[in-house]
Structure formats: C-alpha cells, structure tokens
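Descriptive structure summary
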Amino acid sequence: MEITYTNQQLGVPDVPTIPYIEGDGIGPEIWAASQQVMDAAVQKAYQGTRHIEWKEVLAGEKAFSKTGSWLPDETLAAFQTYRVGIKGPLTTPIGDGIRSLNVALRQTLDLFVCLRPVRWFSGVPAPVKHPEKVNMVIFRENTEDIYAGIEFELGKAETDKFRHFLIQEMGITKVRFPESTAFGVKPISKEGSERLIRAAIRYAISNHLPSVTLVHKGNIMKYTEGAFKNWGYKIAENEFSDAVFCWPTYLEIKKKNGKTAADEALANAKKQEKVIVKDVITDAFLQESLLHPDDHSVIATMNLNGDYISDQLAACVGGIGIAPGANINYDTGHAIFEATHGTAPDIAGTGKANPSSLLLSGVLMLDYLGWSEAGQLIERALEALMAEGKMTADLFSQTDHATLLTTSTYADELIKQIETAK
C-alpha cells in the first residue's frame, strides 16, 4: 500500500510498500542481511500486525545489464509513488551521462536534505580520545552548490564563451590564467538555503536538541555561503522566535549592555530550553568538531561542506561503515535511505562487508515511518553486539580481543538479540 503525506504528516498503512535498490558490489550481501534484520525487528515490535512489503526496483549495474539504463524511469516512478524507499551503494557510471546515480536520485526527486546522524557505539575502535562526545546530526543541502554539476571544461567552445562573458562583459580581472582555466559555478539560492535550515531547526526543536550550527565559508564567499548564514538567522528569527536564541542577539546585547548581560540572556535561553542558533566558519568547525564536539548538536550546511564534515565525523566514531544516511524532502514527504559508503567491489562475495550503515539507515527509515519501536530494537541489538566485540572484518582488523563475524552471521547474531529482547 502507498504512504500518504498531508500537512507534513506521513500516513503509513500497516503494510506499506517500500521500494528498494539492493546496490552494486557488496550491495546484495548487505541488503540481504539488512532486510532480514529489519523484518525480524518489525515482527518482534508489532507481533505480525505490521510488516513491510518490499518491492525491488533497479538502478546501477543490475539495471544497466537488464534494461540498458543505469537509472530506469520505472525506478524513479516507484520512489515517487511509494514515497519512502531504501538503497544500497551504487556504482558511478564511467564516461558521459549521469555523473552520479545518487546525485541523480536526489535531484530528480528534489530530496533537498541529506540527513547524516553521527554517534559512537561502545566497543567500536575510533581514532579520537573521546568518541562518545561525538553526537551530531548533519543537515547537508542536497541539490545546489558545486554538486549541481555546472562546469565548463577547458578546450570547449562553451568554456570560451563563458570566459569571454566573465572577462569582457562582467569585467572580472581575478582569473589568474584565463586561457588555461576551466570553470565551475556554485549556485546557492535563498529558497534552497531556507528550506534546509528550516528543516534543521524544526528537527532540533522536535527532538529537544540544544543547538543548530550554521557552517559556512562566508568570510570569503560572502554572497553565497555568507548569504546562507544570513538567511539562516533570518529564518530562525522570523519563524521560530519563541523557540530559538540566535547568536547575533547575544552579540547585540553584549555590545549594548556588556558581556555579563549577554551571558545572562544566553543562560536564560538555555533554561527555557530554547535552541541556540549559531554559526562557525567551515575550517574552524573542522577543528572544533575534533576538540569540542559536544558543543555542537545539529549542523546545517551546504553540499560540499557537508560532504567533508559527514565523513570526518564518521571517521571520529569508527568510519562510514557504521554511518547512516537519508535523503528527504520535508515538503513532499519523499525520502530515500541509503548506505553512505561505496560499493567495495574488491570484497564483494567474501562475507567481509559490514551491513551496519545500511541497517542504521533502516533505523532512520523506521523512525521516519513512525515505527520507532522496531528501530530501537535494531539499535539496541547493534549496541549489544559491538559492546561484546562481535564485528565484521572492517572493525575486527582494528580491535583486540574481538570476534570475527561474516556478513550473514552478523545478521544472525543481531536477529538473536532482537528475538530475545524484553
């Protein structure tokens, strides 16, 4: 059955149809494991009153071999119709055409939020001293910035036209070597920025999280990333004034009445459990997220920044093998949940693949459906398994006194944990 969306509320039947793409490389292995675990959790949580009707749709190498298309129209139509789906990792086609199947899905369905929660599981090896302090949710804009793919290749006629336009018509004099320069365009819109930041603030408020940090490079890119920051503060002040405290307000009070008064206003806002909306320059944030990760909760940023930040924070807690991801349009309700890592063809079929990223993305999906009881069963099972040191090859190789599990036995152990849960 189809999922509906009215007044920003999902209508989820007891037996929703969920399209899935198993993915390329290790995709089939981690999908098989994840599906079994998700089905076991739904069965345990709802005792047969709910279950998922899985519907396979094609993309990537499997789609190309069967249909001649890397991303068939039928696949896009299924995600459009059934609204919520999940996917494994996909190969990026070589040559002309689609730059990235993941980007194509996000842009075609206008999935403007890339949601990346990052947390540590006890027992997982991590390169930082206090991985338990890393607990953030990244809202990465998914449709603009350099991932829009607007580029002009050196030697092409359109590049010559673009160069001529910049230099002769716009009077740009800062291209150091114009005749040997390729160009890229970085679109950042007010509308695109506002809907991303609005979603981040709503998430922080509804989940009782302490802060939203706008991460940007506005000190250099003043009219794109700087505008992102400014639009973010305006959205916060105009639409959420009763629920947030913005850092410019702190600075204004400090300027007028001194630091003590500003600190008192900030402390009062925290007592009222208002969300603190602040901003940090990107390079400073990359340092702060290592030195003081517990100072940040929800991150709102543009596409390229979000790409860097997501992978850095994932590394802090053990790597992208345990990092979930979702692509969501909060205006239409459409969402695709996904493994955040690559296809790893070198270990495909060896039983070494870790399904945790896809499984945790499944937890996000279950939460999104309102089936959080099932999601919690999976998360608790993962916590128990990792705390016991039962791991797949990627984490086992970094851990002393661990027990090595294959992809399928890892799923079996998780199912045992779920079925015996009280």
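Up top is the structure these notes are about.
Residues numbered from 1 in each chain as written. Predicted model: local features only at pLDDT ≥ 70, side-chain atom pairs only at ≥ 80, totals over all residues. Heavy atoms only, no water.

1. What to know about the layout of surface pockets
Our working rule: Throughout, the protein atoms alone are placed on a 1 Å grid, and a set of points is a cavity if a 1.4 Å probe fits but cannot get out or a pocket if it is open with protein on both sides within 12 Å along at least five of seven lines; lining residues have an atom within 4 Å of a point. Grid points are joined across faces, edges and corners, and a volume is the space filled by probe spheres set on the points. Only runs of H or I of at least four residues qualify as helices and only runs of E of at least two qualify as strands under DSSP, and these elements are numbered from the N terminus. For this classification, Asp, Glu, Lys and Arg are treated as charged, while Ala, Val, Leu, Ile, Met, Phe, Trp, Tyr, Cys and Pro are nonpolar and the rest, including Gly, are polar.
Counted as a void, the largest pocket has a volume near 1200 Å³. Lining the largest pocket are 40 residues, with Leu-115, Tyr-203, Asn-207, Tyr-330 and Asp-367 sitting closest to its centre. For the lining of the largest pocket, the secondary structure elements donating two or more residues are strand 2 (9-11), strand 6 (113-118), strand 7 (136-141), helix 6 (190-206), strand 14 (324-328), helix 12 (356-369) and helix 13 (372-387). Taken together, the residues of the lining of the largest pocket break down into 25 nonpolar, 8 polar and 7 charged.

2. Details of the pattern of salt bridges
Going by this rule: Each salt bridge in this description consists of a side-chain nitrogen of Lys or Arg and a carboxyl oxygen of Asp or Glu lying within 4 Å of one another. Throughout this description, buried means an accessible area under 20% of the type-specific maximum (1.4 Å probe, protein chains only), exposed means over 50%, and partly exposed covers the range between.
Scanning the model with the defined rule gives 21 salt bridges in all. Arg-116 is paired through a salt bridge with Asp-311; the nearest N and O atoms lie 3.6 Å apart. Highlighted residues: Arg-116 in strand 6 and Asp-311 in helix 11 (residues 303-316), separated in sequence by 195 residues. Arg-116 gets classed as buried once you look at its relative accessible area, which sits at 6%. In this structure Asp-311 comes out as partly exposed when scored by relative accessible area, which is 36%. Several salt bridges converge on common partners, so that one network encompasses Glu-388, Lys-390, Glu-413 and Lys-416.

3. Quick notes on the nonpolar core
Cut-off, in case you're wondering: Definition used in this section: a nonpolar core is a set of buried Ala, Val, Leu, Ile, Met, Phe, Trp, Tyr and Cys residues joined via side-chain atoms within 4.5 Å. The contact criterion used throughout is that any non-hydrogen atoms of two residues lie within 4.5 Å.
Among the nonpolar cores identified, the biggest contains 81 residues, and Ile-86, Phe-139, Met-365 and Ile-378 are the most heavily contacted of them. When sequence neighbours within four positions are dropped, the list of residues in contact with Phe-139 reads Val-113, Cys-114, Leu-115, Leu-196, Ala-199, Ala-200, Tyr-203, Val-298, Ile-299, Ala-300, Thr-301 and Tyr-330. Counting 15 residues, the second largest nonpolar core, distinct from the first, contains Leu-71, Leu-76, Phe-79 and Leu-109.

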